[in-house]
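# Chains, contacts and geometry: an overview
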Amino acid sequence: MNVDARSLDDLEPDDARPASQQIANVLRAAILTRKFAPGERLPSQNDLAERYGVARETIKSALRILREDRLVVTRQGSGAFVRAQTERPVGLRPHIEAAFERPHVTIDFSGFSSETLHGAIQEPLDKIRAGRLTPESVAIRILLPDLSLPTVIPSRAEPAGDDPAVRERAARIARRNTEAITESVSELGTLGLVRNATVEIRAHGTTVLSKLYIVNRDEVFFGFYPVVTNTVSVDKQPVTIFDVLGKDVPLFHYATSGEDDDAADQFVDQARTWFDSVWTSIAHEYTP
């Protein structure tokens, strides 16, 4: 791909983090969004230092961060290279931010509460408000479990069984995040910053034990929800429940390549098919 230093994103002038951390974040996003391909050489330390107006020691610190994240390897006298094997759990946020650089943004989410999605879209939405990103449309679809029905997860662990109060606690978390997403995205359309901005939410009656993001129909992020025992406050009383560990669950990334018989292409295609099938069949209008 031969991406040079000049084409990398600028640093945010109001970011209080050290320059080395900011530069590492820019390079990390470029690696995870495949601007740099596996095995490709990064721009030289001198080029990066000139690009960002910093000392080479600052660039060395940034590369050290990426080495610790196992995203790059450095070779004496040759420079830094993207690791050839990058099929590992990835961060969602850089990919979401890159998706908003396109004219038309679509995000399909299936999971438990959309809490992680809410956090991941805040920065690109802020950039739209500031005029730094200008997509023509943003369309988000969210599939959630119907917590008005008896559930296996979440449920009481001691004694085991469904509990409407436990479900209502989980429903409040989902409402808080879906309402915030809806308000934030709808505001973009109201202000005229995005020509078409929509959020649709549906619910279904099956137990949710995994999360799925489909970004711009050509990238998929998938992760499993581990089932955990957790003590929470329900009606101001401590209750032990079976719950899912949702936040910071490792996500695995699949992106279309356009190559025949590519496993990632097949996974993306099947993820789209699965989501659309649930959306148009057993899912119904979400009632907060």
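Structure: see above.
What counts as what
Residues numbered from 1 in each chain as written. Predicted model: local features only at pLDDT ≥ 70, side-chain atom pairs only at ≥ 80, totals over all residues. Heavy atoms only, no water. Helix = DSSP H or I, 4+ residues; strand = E, 2+ residues; numbered from the N terminus. Lys, Arg positive; Asp, Glu negative; His and termini not counted. Charge placed at Lys NZ, Arg CZ, Asp CG, Glu CD. Core = buried A, V, L, I, M, F, W, Y, C linked by side-chain atoms within 4.5 Å. Buried < 20%, exposed > 50% of the residue type's maximum accessible area, 1.4 Å probe, protein only. Contact = heavy atoms within 4.5 Å. Salt bridge = Lys/Arg side-chain N within 4 Å of Asp/Glu carboxyl O. Pairing = 2+ DSSP bridges. Right-handed = clockwise from strand over helix to strand, strands pointing away. Phe/Tyr/Trp six-rings, centres within 6.5 Å; stacked < 30°, edge-to-face > 60°. Axes fitted to C-alpha atoms, helices over the stretch in contact; angles between N-to-C directions. Parallel < 35°, antiparallel > 145°, perpendicular 65-115°, else oblique. Left-handed = near helix turned anticlockwise from the far one by under 90°. Nonpolar A, V, L, I, M, F, W, Y, C, P; charged D, E, K, R; others polar.

Right, let's talk about the overall build of the protein chain for a bit. Per the secondary structure count, the protein chain includes seven helices and 13 strands. By its C-alpha atoms, the protein chain is 65 × 45 × 45 Å across when sized along the principal axes. Of the side chains in the protein chain, 34 bear a positive and 42 a negative charge, and the two mean positions are spaced by 5 Å.

This paragraph deals with the nonpolar core. Grouped burial of nonpolar side chains is what soluble globular proteins tend to show. Membership of the largest hydrophobic core comes to 40 residues, with the highest contact counts inside it found for F100, L117, I121, I140, I142 and V185. Look past the residues within four positions of F100 in its chain and what remains in contact with it is V105, I107, I121, P124, L125, I128, L133, P135 and V138. L8, A30, A49 and L63 belong to the second-largest nonpolar core, a separate cluster that totals 23 residues.

According to the stated counting rule, one finds 18 salt bridges in the structure shown. Two residues, E123 and K127, come together in a salt bridge whose shortest N-O distance is 3.9 Å. Of the two residues, E123 and K127 are both situated in helix α5 (residues 115-129); the distance of four residues between them amounts to about one turn of the helix. You can call E123 partly exposed: its relative accessible area is 32%. When the shortest N-O distance is used, the salt bridge between D163 and R156 registers 2.5 Å. Residue classification places R156 among the partly exposed residues on the basis of a relative accessible area of 26%. The structure contains a network of salt bridges with shared partners spanning E12, E123, K127 and R132.

Here strand β4 (residues 137-145) lies mainly inside the structure; eight of its nine residues are buried. Pairing of strand β3 (residues 104-110) with β4 involves seven bridges; the strand directions are parallel. Looking across to β4, one finds that H104 is bridged to S137. Regarding topology, α5 serves as the crossover connection from β3 to the parallel β4, and that connection is right-handed.

Next up on the list: the packing of aromatic side chains. Applying the stated criterion to the full structure yields six aromatic pairs. Ring centres 6.4 Å apart and planes at 75 degrees place the aromatic pair F112 and Y225 in the edge-to-face group. Pair noted here: F112 is in the loop between β3 and α5 and Y225 is in the loop between β9 (219-224) and β10 (227-234), with a separation of 113 residues, a long-range link. A residue is classified by how much of its surface remains accessible, and Y225, at 6% relative accessible area, is buried. Each ring, one from F222 and one from F224, has its centre 5.0 Å from the other, and the planes form 85 degrees; the classification is edge-to-face.

The next subject is the packing of α5 against helix α6 (residues 164-190). The geometry of α5 relative to α6 is characterised by a closest axis approach of 10 Å and an angle of 20 degrees between their N-to-C directions. What the angle tells us is that α5 and α6 run roughly parallel. For the pair α5 and α6, the crossing hand works out as left-handed. From α5, E115, L117, H118, I121, Q122, L125, I128 and R129 reach across to α6, where they touch I173, N177, A180, I181, S184, V185, E187 and L188. Residue composition of the contact of α5 with α6, grouped by class: nine nonpolar, four polar and three charged.

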